[in-house]
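Chain by chain, the residues run as shown.
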Amino acid sequence: MKIETNYPNTWCPGCGNFAILEAMKKAIQEIGQEKVVLVADIGCNSKIVDYLNVSSLGSLHGRPIPSASGIKIANPELKVVVFTGDGGSLNEGISHLIHAAKKNTDITVIMHNNRLFALTTGQYTASSPKGFKGKSTPDGSIEEPLNTLELMMAAKASFIGRTYSSKIDYTKKMIIEAINHKGFSFIEVLQPCPSFFNTFQFYNEKVYEADANEKLIKEWNYDEKGRIPLGVFHKEERPTYEDEI
Amino acid sequence: MKKDYSILIGGEAGQGSRKAGLIIAKIFNRMGYNVFIHDDYQSLIKGGHSFSQIRASDEECLTHRKKVDFILALDKKTIEKHKAILNKGGIIISGERPYEIVKELNGGRIMGNIAMIAIFSKHIGIDWKILSSILKKEISRDIEKNLEIAKKAYNETKELFKIEKIKNKVSPLVTGNEAIALGAIDAGLDIYSAYPMTPATSILHYLAEKRKTITTQVENEIAVINSIIGSAYAGKRSMTGTSGGGFALMTEAISFASIAEIPILVVNSQRAGPASGVPTYSAQGDLLFSLNSGHGDIVRFVASPGDANEAYYLSGTLLNLAWKYQTPTILLTDKELSESTYKFYPKKIKKEKELLWDNKGEYERYAQTENGISPMAYPGKTIVKATSYEHDRKGYTTEDAETIIAMQDKRLRKFKEMEKALDELETVKVYGNKKSKKAVICWGSTKGAVKEASLKLGLKVIQILFLQPFPIKELKKALKGVDKLVSVECNSTGQLSVLLSQNGIKVDKQILKYDARPLNPEDLELKLKKI
């Protein structure tokens, strides 16, 4: 069965999402097309489900995580993967992200972090750097960004990883590892938005594949300073929510 | 001689008046009576004032009476607050002696309610054998001590009269919420998920205790409904329950379930007032809200039961309808029905199978069909694409004008089928004098009081069970020969009248009650007489 669909792709030329799609295609081929269910948020990231010939549920903005939890409870055999963005999971639906991590719901959340609302043409999110100039903040955002990985650590996510969209094979490997992880897995994919927040050069200079551990989470605080470590920062085995129900 | 007794038992929260009320109702049930319990409690854990009104009758009883024959006062406040509603010749049993007996026998203070039940039982001539066997069934802790206390209280009390046994079937007693849970279980419920909110919470408690379904409590109402949508997409019958505020949070996802054609059952058990309102009291203020819940052009099934048997029937029926028509369904009820106790003898509900895909060719989740209903399949077996976006037949997002029209038309055909489904269902009930030119119309938990008051006055009663799609054909039949229509509702704006007028039916007079307390037949009778 073909992994691609004939659906016309509407991402902007040069969008980081193309690379994530490539990584995901490869990951699904290794995992098995029929076992996987994708659950999408709303936003550029979520268009990915139209491009993949895999079962999918397009949820509401901010709500793919509860929808995914419901699928996993109903059929624990399925490998349930959520596609969401920083807008969906750090703004609209942050409570669900925290609770799913705390419960160790056996799903994988892939958060495309382009650090702004892109599909609504550029407003700041909880991940945007302070001073971010968007259409709603012409003088710059006055809020400090959230350190997402630190939040996931506090919420007891049992798998926490970060990758960069341009590193396709690296991302593919991390996605497979996350899907195979028994428990809640969270991957942040740093992703440039060529139309509203082009961070290609910034990330190309800053990211490095680290021998990651929990302490490295603090190395980068979503600002201009220092290097940006990639890798799996935390991984632990503990009973999943579905095991305990 | 009349065989219709009303008993009020009251005390502070934590004194066990509710449990005592249930035991008294079970005694009458064992004696063959029809019983009903109305519970009144405040939004607090200890202290305050709670009471139960138990009614036992040889005739159908689906409501409490305003006046009572007995007041069982576990504290002084109960006498002060309720002595005005004691019938002439009525009896007050004060809490002093029950608590003395408990003290004499070194029992825990909570056992005062058992001493009270024993004194009351002896007064009305209940055999010790019946009383003790019910106590043994109902008390889970310290049964020996409780029986010792009950025996002493029973033996030292005088029998005032002997209530007659009635040759009636003894049926189980259930609350409205328990009936809702049981109906859904019989229609194949797999998963119940909820966030606690009075007065729907006891559905969650009951199902969790029963262990026949997967029961989860999740972070908020938005998570709840999106989670059951996920479960239903994966093929499991799923349901939730909440009250107005929680229901408001769920409405975006009701719209999601409608466009994605995912079957869910949502119970909205109304409390009084907008916003947080009056959490432990009742009203019917969410009718129009429920009918219009969810944005966009959508139709959902909305039905409202008038007693526990109907609650069972409608809950199961709505779950079956949800799966037959792949749509959200709403069971609209209120605190009065959810938490009151009724005698339970329902028509049995069975799980009805959904339309499944025949495994031929390539699966299209939203395949175009004549009646708008597309066969279902579940992920894991084949590729199933569902979405909250407008979509094409396979479930891919679309912005194409023709596809948008085609999909909306498909859903409109399905909505028409949902209307047709009403022909096979009991949607409107008529009671009383069918020749009466004056009719009283109602919906939901007010049925008991409306029926009782209207029948006494020789009037016709029309009860609407299905509120969306609107059963206009059945209602017109019921209205034949009626030249004066009186509506009775527990809200302040007459929402049923609005719904009726949208359907071309004029209400001549409204009786509206919005003090958050349920109707009683005596007051309603007086009001109806004046019209």
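Residues numbered from 1 in each chain as written. Chains lettered and ligands numbered in written order. Predicted model: local features only at pLDDT ≥ 70, side-chain atom pairs only at ≥ 80, totals over all residues.

Trainee: Provide a residue-level description of the overall build of chain A, including the pertinent values.
Mentor: A tally of regular secondary structure across chain A gives eight helices and eight strands. Relative to a compact globule of 245 residues, whose C-alpha radius of gyration would be 18 Å, chain A shows 17 Å and is just as compact. Along the three orthogonal principal directions, the C-alpha set of chain A runs to about 50 × 40 × 30 Å. Expressed as a percentage of its 245 residues, the buried residues of chain A come to 54%. (Helix = DSSP H or I, 4+ residues; strand = E, 2+ residues; numbered from the N terminus. Rg over C-alpha atoms; globule rule 2.2 N^0.38 Å. Buried ≥ 20, exposed ≤ 12 C-beta atoms within 10 Å, placed from the backbone.)

Trainee: Go over the overall build of chain B, please, and point to the residues and values.
Mentor: Helix and strand content of chain B: 18 helices and 20 strands. Computed over the C-alpha atoms, the radius of gyration of chain B is 25 Å, within 12% of the 24 Å expected from 2.2 N^0.38 for a compact globule of 531 residues. Burial status across chain B gives 54% buried among its 531 residues. The contacts in chain B between residues at least 6 apart in sequence include a share of 72% that link residues at least 24 apart. (Contact = placed C-beta atoms within 7 Å.)

Trainee: Pulling in residues and values, what's your account of the sheet that holds strand β4 (residues 108-113) of chain A?
Mentor: With respect to topology, nine strands assemble into an open sheet ordered β7(A)-β8(A)-β5(A)-β6(A)-β4(A)-β3(A)-β1(A)-β2(A)-β14(B), the strand pairing being mixed. On the outer flanks of this sheet lie β7 (207-209) of chain A together with β14 (385-387) of chain B, each paired with one strand and no other. Taking each pair of neighbouring strands and ignoring which way they run, the sheet shows an average axis angle of 20°. Alignment of β7 of chain A against strand β8 (residues 228-235) of chain A, held across three bridges, turns out to be parallel. Across the sheet, Tyr208 of chain A pairs through a bridge with Pro229 of chain A, a residue of β8 of chain A. (Pairing = 2+ DSSP bridges. Axes fitted to C-alpha atoms, helices over the stretch in contact; angles between N-to-C directions.)

Trainee: Which residues make up the interface of chain B and chain A, and what are the values?
Mentor: Of the residues lining the interface, 32 residues belong to chain B; the matching set on chain A comes to 28 residues. Elements with a minimum of two residues in the side of chain B that touches chain A: β8 (214-217), α9 (221-233), α10 (244-260) and β14 of chain B. Here the element with the most residues in the side of chain B that touches chain A is α9 of chain B; it accounts for nine residues. Grouping the amino acids of the side of chain B that touches chain A by side-chain chemistry returns 17 nonpolar, 11 polar and four charged. (Nonpolar A, V, L, I, M, F, W, Y, C, P; charged D, E, K, R; others polar.)

Trainee: Before we move on, can you summarise the domain arrangement of chain B with the specific residues and values?
Mentor: Residue and element names in this part refer to chain B. In terms of domains, chain B is made up of domain 1 (4-155), domain 2 (173-343), domain 3 (356-425) and domain 4 (428-530). Taking only C-alpha atoms, the centre of domain 2 and the centre of domain 4 are 25 Å apart. Tallying the contact residues gives 25 residues for domain 2 and 22 residues for domain 4. For the side of domain 2 that touches domain 4, the elements supplying multiple residues, two or more each, are α11 (287-291), β11 (301-303), α12 (308-325), β12 (328-334) and α13 (335-339). Its residues assigned to classes, the side of domain 2 that touches domain 4 shows 14 nonpolar, six polar and five charged. (Domains from an automatic or database assignment.)

Trainee: So, the packing of helix α1 (residues 17-30) of chain B against helix α4 (residues 112-123) of chain B: which residues are in play, and what are the values?
Mentor: All names here are of chain B. Between α1 and α4, the least distance of the axes is 10 Å, while the angle of their chain directions is 30°. With respect to each other, α1 and α4 are oriented roughly parallel. Pair α1 / α4 crosses with right-handed handedness. Where α1 abuts α4, its residues Ser17, Lys19, Ala20, Ile23, Ile24 and Ile27 lie against Asn113, Met116, Ile117, Phe120 and Ser121. Residue composition of the contact of α1 with α4, grouped by class: seven nonpolar, three polar and one charged. (Parallel < 35°, antiparallel > 145°, perpendicular 65-115°, else oblique. Left-handed = near helix turned anticlockwise from the far one by under 90°.)

Trainee: Can you lay out helix α6 (residues 168-180) of chain A for me, pointing to particular residues and giving the numbers?
Mentor: All names here are of chain A. For α6, with 13 residues, the first-to-last C-alpha span of 18 Å sits near the 18 Å given by 1.5 Å per residue. Within α6, burial applies to Thr171, Lys172, Met174, Ile175, Ala178 and Ile179. The arc that holds the buried residues of α6, viewed along the axis, is 165°, so those residues lie on one side. Tucked into the core, α6 has its buried residues touching α1 (17-31), β3 (79-85), β4, β5 (159-164), β6 (185-190) and β8. (Expected span 1.5 Å × (residues − 1). Arc of directions from axis to C-beta.)

Trainee: Residues and numbers for the packing of helix α3 (residues 96-104) of chain B against α4 of chain B, please.
Mentor: Residue and element names in this part refer to chain B. Contact geometry of α3 with α4 gives a least axis separation of 8 Å together with a crossing angle of 120°. Overall, the two elements α3 and α4 adopt an arrangement that is oblique. In the packing of α3 onto α4, the handedness of the crossing is right-handed. For the pair α3 and α4, the contacting residues are Arg97, Pro98, Tyr99, Ile101 and Val102 in the first and Gly112, Ala115, Met116 and Ile119 in the second. When grouped by side-chain class, the residues that make up the contact of α3 with α4 number seven nonpolar, one polar and one charged.

Trainee: Quick one: what's the story with the nonpolar core, residue by residue and with numbers?
Mentor: If you look at soluble globular proteins, the nonpolar side chains tend to sit buried side by side. Ranked by internal contacts, the top residues of the largest apolar core, which has 205 residues, are Ile24 and Ala115 of chain B. Considering each element in turn, this core owes the most residues, 11 residues, to α12 of chain B. Judged by nonpolar contacts, the second largest core, of eight residues, contains Cys44, Phe117, Ala118 and Cys193 of chain A. (Core = buried A, V, L, I, M, F, W, Y, C linked by C-beta atoms within 7 Å.)

Trainee: Kindly report on unusual backbone geometry, identifying the contributing residues and their values.
Mentor: Residues and elements named next belong to chain B. Each neighbour pair has its own omega, and for Thr198 with Pro199 the value is 5°, a cis peptide bond. Relative to the helices and strands, Pro199 is located in the loop between β7 (191-194) and α8 (201-210). Going from Gln468 to Pro469, the amide bond is cis rather than trans, its omega being -10°. With respect to the helices and strands, Pro469 occurs in the loop between β18 (466-468) and α16 (472-478). A positive phi is found at Asp142, a non-glycine position, where the angle reads about 55°. Within the secondary structure layout, Asp142 lies in the loop between α5 (128-138) and α6 (143-155).

Trainee: Go over the sheet that holds β11 of chain B with me, naming the residues and quoting the values.
Mentor: Note: strands within a sheet are paired through backbone hydrogen bonds, in either parallel or antiparallel orientation. Residue and element names in this part refer to chain B. Strands sit in the order β8-β7-β9-β10-β12-β11-β18 across an open sheet of seven strands; the sheet is mixed. The outermost strands of the open sheet, each flanked by one partner alone, are β8 and β18. Each adjacent strand pair in this sheet contributes to an overall mean axis angle of 20°, direction not counted. Pairing analysis gives seven bridges linking strand β10 (residues 264-270) to β12, with the strands arranged parallel. Looking at β12, one finds that Val267 is bridged to Leu331. Relative to the sheet, α10 contacts β9 (238-242), β10 and β12, its axis offset from that of β10 by approximately 155°.

Trainee: Break down the pairing of strand β16 (residues 438-443) of chain B for me, citing the residues and quoting the values.
Mentor: Residues and elements named next belong to chain B. Among the six residues of β16, five are classified as buried, and the element is accordingly described as predominantly covered. Of the pairings in the sheet, the one linking β16 to strand β19 (residues 484-489) comprises four bridges and is parallel in character. Residue pairing in the sheet places Ala439 in a bridge with Leu485 of β19. In this structure, β16 lies alongside strand β17 (residues 460-464), joined through five bridges in parallel fashion. Its bridge partner being in β17, Val440 is matched across the sheet by Val461. Following the backbone out of β16, through helix α15 (residues 447-456) and into the adjacent parallel β17, one traces a crossover that is right-handed. (Right-handed = clockwise from strand over helix to strand, strands pointing away.)

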